[in-house]
Amino acid sequence: MAPTVFVAVIGAGLVGAEFIRQLLSIPNSPFKLICIAESTCIYYDEAKPITDVATWRQTLSASTEQPDMHLLTRRLSALVSAASSKVAVVDNTSSQHVASLYPVWLRAGINVVTPNKKAFSGDVALWEDILAASAQSGAKCYHECSVGAALPVISTLKELVATGDKIIKIEGVFSGTMSYIFNEFSTGHADPGGPSFSSVVKQAREKGYTEPHPADDLNGFDVARKLTILSRIAAQSPASHLPRLQTFQSFRTTSLIPAALEGIPTGDEFIARLPEFDAEFAAMRTEASKEGKVLRFVGVIDPVKGEVKAGLERYPMTHPFATSLGGSDNIIMFHTERYSPRPLIVQGAGAGAAVTAMGVLGDLLKLL
Ligand SMILES: NC(=O)C1=CN([C@@H]2O[C@H](COP(=O)(O)OP(=O)(O)OC[C@H]3O[C@@H](n4cnc5c(N)ncnc54)[C@H](OP(=O)(O)O)[C@@H]3O)[C@@H](O)[C@H]2O)C=CC1
Ligand SMILES: N[C@@H](CC=O)C(=O)O
Ligand code: NA
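Residues numbered from 1 in each chain as written. Chains lettered and ligands numbered in written order. Predicted model: local features only at pLDDT ≥ 70, side-chain atom pairs only at ≥ 80, totals over all residues.

- The name that an unreviewed UniProt entry assigns to the protein is Homoserine dehydrogenase, with the source organism given as Fistulina hepatica ATCC 64428.
- Its UniProt record, at the heading Cofactor (unreviewed entry), says of the protein: "a metal cation".
- What UniProt records for the protein under Catalytic activity (unreviewed entry) is the sentence "L-homoserine + NADP(+) = L-aspartate 4-semialdehyde + NADPH + H(+)". (UniProt positions renumbered as here; feature names shortened; annotations may be inferred.)

Points about the site of ligand 2
Next, step 1: Ala 149, Ser 175, Gly 176, Thr 177, Tyr 209, Thr 210, Glu 211, Asp 217, Asp 222, Gly 350 and Ala 351 make up every residue found near ligand 2.
Next, step 2: Partitioning the shell around ligand 2 into residue classes produces 3 nonpolar, 5 polar and 3 charged. (Near = placed C-beta within 6 Å. Nonpolar A, V, L, I, M, F, W, Y, C, P; charged D, E, K, R; others polar.)

A short note on the domain arrangement of the protein
Next, step 1: For the protein, the assigned domains are domain 1 (5-149 + 355-366) and domain 2 (153-350).
Next, step 2: The C-alpha-based centres of domain 1 and domain 2 are spaced at 28 Å.
Next, step 3: In this complex, domain 1 contributes 16 residues to the contact, which on the side of domain 2 involves 24 residues.
Next, step 4: Going through the elements one at a time, α6 (118-121) and α7 (124-137) are the ones with two or more residues in the side of domain 1 that touches domain 2.
Next, step 5: Residue classes in the side of domain 1 that touches domain 2 are distributed as 7 nonpolar, 6 polar and 3 charged. (Domains from an automatic or database assignment. Contact = placed C-beta atoms within 7 Å. Helix = DSSP H or I, 4+ residues; strand = E, 2+ residues; numbered from the N terminus.)

Topic: the sheet that holds strand β5 (residues 111-113)
Next, step 1: With respect to topology, 6 strands assemble into an open sheet ordered β3-β2-β1-β4-β5-β6, the strand pairing being mixed. Each edge of the open sheet is held by one strand with a lone partner, namely β3 (42-44) and β6 (141-142).
Next, step 2: Both strand β1 (residues 5-10) and strand β2 (residues 31-37) contribute to a ladder of 6 bridges, which runs parallel. If you follow Phe 6 over to β2, its bridge partner there is Lys 32.
Next, step 3: Across the sheet, helix α1 (residues 14-24) lies against β1, β2 and β4 (86-91), angled at about 160 degrees from β2, the strand it touches most.
Next, step 4: Seen against the sheet, helix α3 (residues 69-82) touches β1, β2, β3 and β4 and runs at an angle of roughly 150 degrees to β4. (Pairing = 2+ DSSP bridges. Axes fitted to C-alpha atoms, helices over the stretch in contact; angles between N-to-C directions.)

Details of the UniProt feature "active site" (unreviewed entry) in the protein
Next, step 1: In the UniProt entry, the feature "active site" (unreviewed entry) is given for Lys 226.
Next, step 2: Topologically, Lys 226 is positioned in helix α12 (residues 221-234).
Next, step 3: For Lys 226, the residues in contact, after removing those within four places along its chain, are Lys 117, Val 147 and Phe 174.

Side note on the environment of Gly 16
Next, step 1: Tracing the backbone through its elements, the reader meets Gly 16 in helix α1.
Next, step 2: With 24 C-beta atoms counted inside 10 Å, the residue Gly 16 sits in the buried group.
Next, step 3: Linking Gly 16 and Lys 226, residues 210 residues apart in sequence, is a C-alpha distance of 20 Å.
Next, step 4: Apart from the residues lying within four places of it in its own chain, the contact partners of Gly 16 are Val 9, Gly 11 and Asn 92. (Buried ≥ 20, exposed ≤ 12 C-beta atoms within 10 Å, placed from the backbone.)

Set out below in structure tokens:
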């Protein structure tokens with residue numbers, strides 16, 4: 001019989017709510033959902049786990065308790081000590097503060113599952129502390145969805161590296177938002193005269209592909225974070241010249257944010273002002289289509305040259321980045337010693353609540 005796993009979910013937004021729906025839909029579930037937290041409220045009851053898909057939101061809203069992460073840590077640590085069962089935090093936020101608590105949780109024997117990129121792509125000291133804490137206690141930290149949503153990108157790279165393959169180059173479209181935007185905006189065929197840039201950004205947001213603030217996608221930081229996560233793993237492959245990246249800002253990334261829109265605090269205001277710059281983006285599209293090319297936002301990790309970069313590039317209409325992508329598709333090509341001359345390719349939806357929640361739940365199932 002599978003052991004019971006006590007689960008605390010932090011973040012019940014787009015991904016979090018879908019994750020809870022999928023978790024509560026598992027028949028004969030070994031998971032006990034004892035906690036759900038958002039920024040302003042928390043439900044916690046070990047004796048009364050949430051079981052009903054239809055009413056969990058009301059149960060959370062009815063709670064008057066304020067979220068206190070230190071209290072949550074003490075409660076979950078006590079549960080690890082008292083029960084022979086496993087305990088897991090599922091972080092479905094994009095919070096740096098929540099991410100900074102992973103080493104504390106892991107050292108206390110609390111497993112961590114998350115699509116949040118912050119812990120693995122920010123200060124290298126936090127990433128190293130997470131690895132050390134997990135090794136020390138044996139608690140697991142799974143974050144497959146921090147790159148390419150549920151697509152097996154991190155697991156594939158870890159396996160290539162662990163089995164001694166030499167990574168020659170990793171290149172691809174790593175952002176569901178950027179993929180959707182340029183698949184719709186720059187098709188080559190209809191240019192010029194396709195949809196406006198601001199309208200496709202708005203659609204990407206409505207479809208749930210963007211970060212809580214869409215500027216975090218358009219400034220290239222989301223791709224830079226994913227490249228940092230992969231680069232830190234690829235750096236362990238034989239003969240890698242990749243540098244020890246201090247943060248995701250340690251290499252060159254092209255931002256698509258017009259200077260006048262830098263630092264706009266809310267996503268709504270940012271989206272409202274973006275049409276002012278549609279003509280600039282249309283001109284870039286026209287330039288590319290005159291050469292028979294499309295625009296794609298691409299990331300490259302090159303362990304041979306020791307280089308990591310992300311930016312907007314032009315591709316001929318025959319290139320896989322131009323021909324084979326649709327919707328929020330990511331495509332990641334692993335060129336390795338074994339996968340040569342043809343690369344190992346992972347492709348599919350790289351954003352969206354359903355696939356991301358599925359990947360998070362898949363990671364949680366690994367604890368069994
Ligand atoms: N959307 C996608 O397709 C993908 C998303 N991801 C990642 O998944 C994560 C969630 O994304 P998404 O669901 O779209 O984001 P949302 O903005 O929809 O949801 C975020 C949730 O986190 C909660 N939250 C934020 N800060 C805290 C905090 N300090 N304590 C407790 N709760 C907090 C918010 O609560 P409140 O509303 O009260 O502030 C909200 O419930 C992000 O890290 C994102 O990068 C990864 C792959 C794909
Ligand atoms: N905003 C991100 C979501 C997944 O990480 C993206 O568009 O890829
Ligand atoms: Na993934």
